[in-house]
Amino acid sequence: MLYFSKWKAFAILAVSAIICLMAVPSLLSQSAYDSLPHVLQRKIVLGLDLQGGSYIVLQVDAQSVRKIRLEHLRDDARRVLRDAKIGYTGLAIQGDAVQVRIRDGQDVDAALTQLRGLAQPLGGAMSTSGQLDTDVSRDGNTISLSPTTAGIQSRTIQAVSQSIEIIRKRIDQLGTTEPSIQRQGADRIQVQVPGLQDPSRLKALLGQTAQLSFRLVDNTMSAQQALQGRPPAGTDVLYSQDNPPVPYLIEQRVLVAGEDLTDAQPSFDPTTREPVVTFRFNTNGARRFAEATQANVGRPFAIILDNHVISAPVIREPIMGGSGQISGNFTVQQANDLAILLRAGALPVPLQVVEERTVGPGLGADSIRAGLIASIVGATLVALFMVATYGLFGVIANIAVAINVGMIFGVLAMLGATLTLPGIAGVVLTVGIAVDSNVLIYERIREEARAGRSAISAIDAGFSRALATILDSNITTFIAAAVLFYVGSGPVRGFAITFGIGIITTVFTAFTLTRLMVALWVRWQRPQRVPI
């Protein structure tokens, strides 16, 4: 156990040094860090509790999920019945179901067969559960389509998954570092953005569905007349975002939808120098936009974002290039944020903010200071205890523990991990566990020396026989850390990551680095007795 070949000793020292050096970029100033080669630009990111930032929990609106599903069922039922040339009347959403009355009783069975095709199996076409997302029932000539509870739950889970990706795109374009976006339960999303001190802007970016559409303004009557009476069929009264809001009578038919956008960028109007958002359509959107503007020259059309009219310009001439601009008395930040929303895409359903917190940089600095003080005090007391109890071997153990801590931060930097206050607690706890491994080894060496073995034989037997005990204790502890990582979230995960990495580096240093240093001392001194 005490023999090391030259290449093995070199490999141990090289691995330890390289991993420790990976922590150095995290200690550099930002300018010095930026000057490093790209391959070396790996650093530890401070978490929300250490550098401040914004924390928001969003919840999918279950009622909106049901409403959207009912609207899709209604539109799909209309399409299916028209394609099958089946006469119907009274197609509408009634409560939690879509109801339609078939005119001819002889067509009811055919209509029922066609509409049952709208019910999809839960889990996709390859699912074997037999459950459907929609119940289709018949009462005389009336057919009802009702989303099942399991179907709504499945669509809620899908909406959360889609929303996480869209939220990630929106936040990434803010230029923040290492945001944390993760599912919380079945219908919630937890968002942490370290370094962002403006939660209102984050809420505005994440709270907007960003459903963009281009529709014509109805000129058959004014919006005021529609409000006083009844709007024509196929129209809605929507309001602008002005103060006070201006009503518009808008056709429900969508000329071009936001999903046909390929790019959106903030810019300035060359004539007025006001901030605007320029956009570009894909091939399909450009064709539809060109056809719509060509057929409606002289008519105003509205740009609608989340059922609010951003602007309603008049079509002066056909727009054939597949691009245009949105103006609406924006500030520079509003134009930039709108461009971010449009580039990232629309959320599948509205999200509600159910919890929000802002951690200031001052509080984060206090947390770092407290963590450092706790770490220094704890490490100093442990080091003094080891020297007082084991003398020279205690010094060797302290050197190994210091390298162990350096390796923990080096691994965190290589992984680009986020360090939180509980993570610092995990590092402090790792110091105790690393010392505990050395204590087990040294006490075993003492026992072997008392049993009459020579110094070299006792040292060799101490390392050999303590191995199983240390492996058992560290493996069981690592399992607990792994469970914390997979089950926990946020700060609990931060603790589990540093603690788990610390356990691995502890086993490495105890049975390679500490043993190597003791072996070099034995080869140099050839001791006649154990100095502990």
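Residues numbered from 1 in each chain as written. Predicted model: local features only at pLDDT ≥ 70, side-chain atom pairs only at ≥ 80, totals over all residues. Heavy atoms only, no water.

1. Remarks on the sheet that holds strand β13 (residues 261-268)
And then number 1: Here 3 strands make up an open sheet; going across it, the order is β13-β14-β17 and the pairing antiparallel. What marks the edges here is a single partner per strand, and that holds for β13 and β17 (323-326). Taking the axes of each pair of neighbouring strands and ignoring which way they run, one obtains an average angle of 25° across the sheet.
And then number 2: Pairing of strand β14 (residues 275-281) with β17 involves 4 bridges; the strand directions are antiparallel. Across the sheet, residue valine 277 finds its bridge partner in β17, namely isoleucine 326. (Pairing = 2+ DSSP bridges. Helix = DSSP H or I, 4+ residues; strand = E, 2+ residues; numbered from the N terminus. Axes fitted to C-alpha atoms, helices over the stretch in contact; angles between N-to-C directions.)

2. Topic: the side chain of serine 16
And then number 1: Along the chain, serine 16 falls in helix α1 (residues 6-21).
And then number 2: Among the polar contacts made by the side chain of serine 16, one reaches the main-chain carbonyl oxygen of isoleucine 12 at a distance of 2.9 Å. (Polar contact = N/O pair within 3.5 Å; in protein donor to acceptor, adjacent residues only side chain to side chain.)

3. Some words on the sheet that holds strand β6 (residues 142-147)
Strand pairing in a sheet is mediated by backbone hydrogen bonds. Such pairs are either parallel or antiparallel.
And then number 1: With antiparallel pairing, the 4 strands of this open sheet are ordered in space as β3-β4-β6-β5. Among the strands making up the open sheet, the edge pair consists of β3 (88-94) and β5 (134-139). Strand-to-strand twist in this sheet, taken as the mean axis angle between neighbours without regard to direction, amounts to 15°.
And then number 2: Pairing analysis gives 4 bridges linking strand β4 (residues 97-102) to β6, with the strands arranged antiparallel. Considered in β6, the bridge of glutamine 99 is made with serine 144.
And then number 3: Contacting β4, β5 and β6, helix α5 (residues 108-116) runs over the sheet at an angle of about 170° to β5. (Contact = heavy atoms within 4.5 Å.)

4. What to know about the environment of arginine 280
And then number 1: When you line up the elements, arginine 280 lands in strand β14.
And then number 2: The exposure class of arginine 280 is partly exposed, given its relative accessible area of 43%.
And then number 3: Placed 18 residues apart in sequence, arginine 280 and threonine 262 show a C-alpha to C-alpha distance of 5.8 Å.
And then number 4: Apart from residues lying up to four places away in sequence, arginine 280 is in contact with Asp260, Leu261, Thr262, Asp263, Gly322 and Ser323. (Buried < 20%, exposed > 50% of the residue type's maximum accessible area, 1.4 Å probe, protein only.)

Spatial relationships are all this shows, so hold off on functional conclusions.
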